[in-house]
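Spelled out from the first residue to the last, the chains are:
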Amino acid sequence: MAPEPEPNAQQPQRSPEPSKQSLRGLDWFIFFLADVQTGFGPFVAVYLTTQKWTQVEIGFVLSIGGVVALLGQIPGGAIIDAARSTRLVAGAAVATIGGCALAYAALPVFPVIVTAATLHAMASCVLGPAIAAISLGLVGPMRIGERLGRNARFASLGNGVAAAVMGTCGYLLSSRSVFIVTFLLALPVLYALSRIRPQEINSAQAHGASIKEAESNKPIRFRDLIRQKPLLIFACAVLLLQLANAAMLPLMAGVVTTRSADWAPALIAFCIVVPQAIVAATSPTVGRKAQQWGRRPLLLIAFAALVIRGLLFAVVTDPFALVAVQVFDGVTAAVFSVMIPLIVADIAFGSGRFSLAQGIVGTATGIGASLSTVTAGFVADKLGAPVAFVGLACVAGLGLLLIWLVMPETRRDHGEVESGP
């Protein structure tokens, strides 16, 4: 009798169905990881302020994290593509983030906090690609759309729960307790990761290799990857998305505060919760529709919703009505939380460079978000918030035209997935 192949050997046959244990492990890994990452959000500025840090020092720490996160997108993706065990890299990144949270709580002095912020940003650069790679390795390219929708649902739920829990801890105990809770939450993250069976993750599939690529084991070169027009077009579209979207909520928060200072905190909280609820409710449906309709129709819907949102922000004056406008943010967020890794998986299929391609699009995301807040803030100061909102809507309109006129459909049918490009 011929010996059975090793669990990690790359096989040209279709991968077996992943077990419920692995799928549930991925669900809860994403949920608790979102909890952990939430601890490094606005709570950092609050905590460091209570530790008598100046706003310049706080801004410097936050800027370091932002710069490292931007520069680390492509290297982070390359690390995941090169890793023999994506689970091991993800586990090391989670442990690093947990250690950074403990450092924030234990020793809030400048050198320690700067080091922790840098390490946290570096670790975060590999976690996004790792989640997508594990998902693709488990379910395969034909079912990745619905899986990514489920990922977005659990990430959204995790963000919502974590914000409530950590806000309560910060209020009832202290701002330091937020980072202790973040450290403790790293433990269930690692446990959930351990529940994903490594033998059920098809290594070649996880890296975006086709059957032919799995046999030849020769991933394409980076320069060949960035020459793929669909990838460059989509990266430009994502840059325009972030350029239009990133500044809208902060700008709107300033408008709400000037119009209704007493209600501003509650209204802004609702403006955050409403889109998260829509993402949680609709993301799996988005994944299914992406396979039925194709990718482009959903992208057009998402950009159209962003255009409408910007125009409504420019004309709506009632602070409470602005919360209703955030429904359009939920539509855009639900689509792109699924579409970004899904379209990258489409484009990178057969290349063996799935995570590296994610890093390229992630870099475009960071550039767009960074430019958005600065540009919109300048326009709002000089010409007023309504003009800034109209300008952001026009940028979203450019993204809509780019998808409509230039972006090709990337959905693959079953035969293409089996045979490769």
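One can find the structure itself at the top, above this paragraph.
Parameters at a glance
Residues numbered from 1 in each chain as written. Predicted model: local features only at pLDDT ≥ 70, side-chain atom pairs only at ≥ 80, totals over all residues. Heavy atoms only, no water. Helix = DSSP H or I, 4+ residues; strand = E, 2+ residues; numbered from the N terminus. Expected span 1.5 Å × (residues − 1). Buried < 20%, exposed > 50% of the residue type's maximum accessible area, 1.4 Å probe, protein only. Contact = heavy atoms within 4.5 Å. Core = buried A, V, L, I, M, F, W, Y, C linked by side-chain atoms within 4.5 Å. Axes fitted to C-alpha atoms, helices over the stretch in contact; angles between N-to-C directions. Parallel < 35°, antiparallel > 145°, perpendicular 65-115°, else oblique. Left-handed = near helix turned anticlockwise from the far one by under 90°. Nonpolar A, V, L, I, M, F, W, Y, C, P; charged D, E, K, R; others polar. Phe/Tyr/Trp six-rings, centres within 6.5 Å; stacked < 30°, edge-to-face > 60°. Salt bridge = Lys/Arg side-chain N within 4 Å of Asp/Glu carboxyl O.

A. Representation of helix 18 (residues 385–405). Here helix 18 contains 21 residues, and its C-alpha end-to-end distance of 30 Å stays within 8% of the 30 Å for a straight helix at 1.5 Å per residue. Every buried residue of helix 18 is accounted for by Ala385, Ala388, Phe389, Leu392, Ala393, Val395, Ala396, Gly397, Gly399, Leu402 and Ile403. Contacts from the buried residues of helix 18 go to helix 12 (229–245), helix 13 (248–259), helix 15 (296–315) and helix 17 (354–383).

B. Fine view of the nonpolar core. Grouped together as the largest cluster of nonpolar side chains are 120 residues, with contacts concentrated most on Phe29, Tyr104, Leu127, Phe234, Phe336, Met339 and Phe389. The element that contributes the greatest number of residues to this core is helix 6 (residues 110–139), accounting for 16 residues. When neighbours within four sequence positions are excluded, tyrosine 104 is seen to be in contact with Phe40, Val44, Tyr47, Val61, Ile113, Ala116, Ala117 and Phe179.

C. Expanded view of the packing of helix 12 against helix 15. Where helix 12 contacts helix 15, the two axes come as close as 11 Å, and the packing angle between them is 25°. Relative to helix 15, the element helix 12 lies roughly parallel. Here helix 12 runs over helix 15; the crossing is left-handed. Where helix 12 approaches helix 15, its residues Phe234, Ala237, Leu241, Ala244 and Asn245 are matched on the opposing element by Leu299, Phe303, Leu306 and Arg309. When the residues that make up the contact of helix 12 with helix 15 are grouped by side-chain class, the tally is seven nonpolar, one polar and one charged.

D. Spatial organisation of the packing of helix 6 against helix 7 (residues 144–172). At a minimum axis separation of 10 Å, helix 6 and helix 7 run at an interaxial angle of 135°. By the angle between their directions, the pair helix 6 and helix 7 is classed as oblique. In the packing of helix 6 onto helix 7, the handedness of the crossing is right-handed. Contacts between helix 6 and helix 7 involve Ile131, Ser135, Leu136 and Val139 from the former and Ile144, Arg147 and Asn151 from the latter. Grouping the constituent residues of the contact of helix 6 with helix 7 by class yields four nonpolar, two polar and one charged.

E. Inspection of the packing of aromatic side chains at higher detail. On inspection of all chains with the given rule, the structure shows ten aromatic pairs. Judged by centre distance (5.0 Å) and plane angle (50°), the ring pair of tyrosine 47 and phenylalanine 179 falls under tilted. In this pair, tyrosine 47 sits in helix 2 (residues 43–50) while phenylalanine 179 sits in helix 8 (residues 175–194), placing the two residues 132 residues apart along the sequence. Residue tyrosine 47 is classed as buried on the basis of its relative accessible area, which comes to 0%. Measuring from ring centre to ring centre gives 5.5 Å for phenylalanine 303 and phenylalanine 336, while their planes differ by 85°; the resulting arrangement is edge-to-face.

F. Focus on the pattern of salt bridges. Under the counting rule described, the total for this entry stands at eight salt bridges. Across the salt bridge formed by glutamate 17 and arginine 143, the nearest N and O atoms sit 2.9 Å from each other. One end of the pair, glutamate 17, is in the segment before helix 1 (20–38); the other, arginine 143, is in the loop between helix 6 and helix 7, with 126 residues separating them in the sequence. The class for glutamate 17 is exposed, based on a relative accessible area of 61%. The network of salt bridges with shared partners includes Arg24, Asp27, Arg147 and Arg150.

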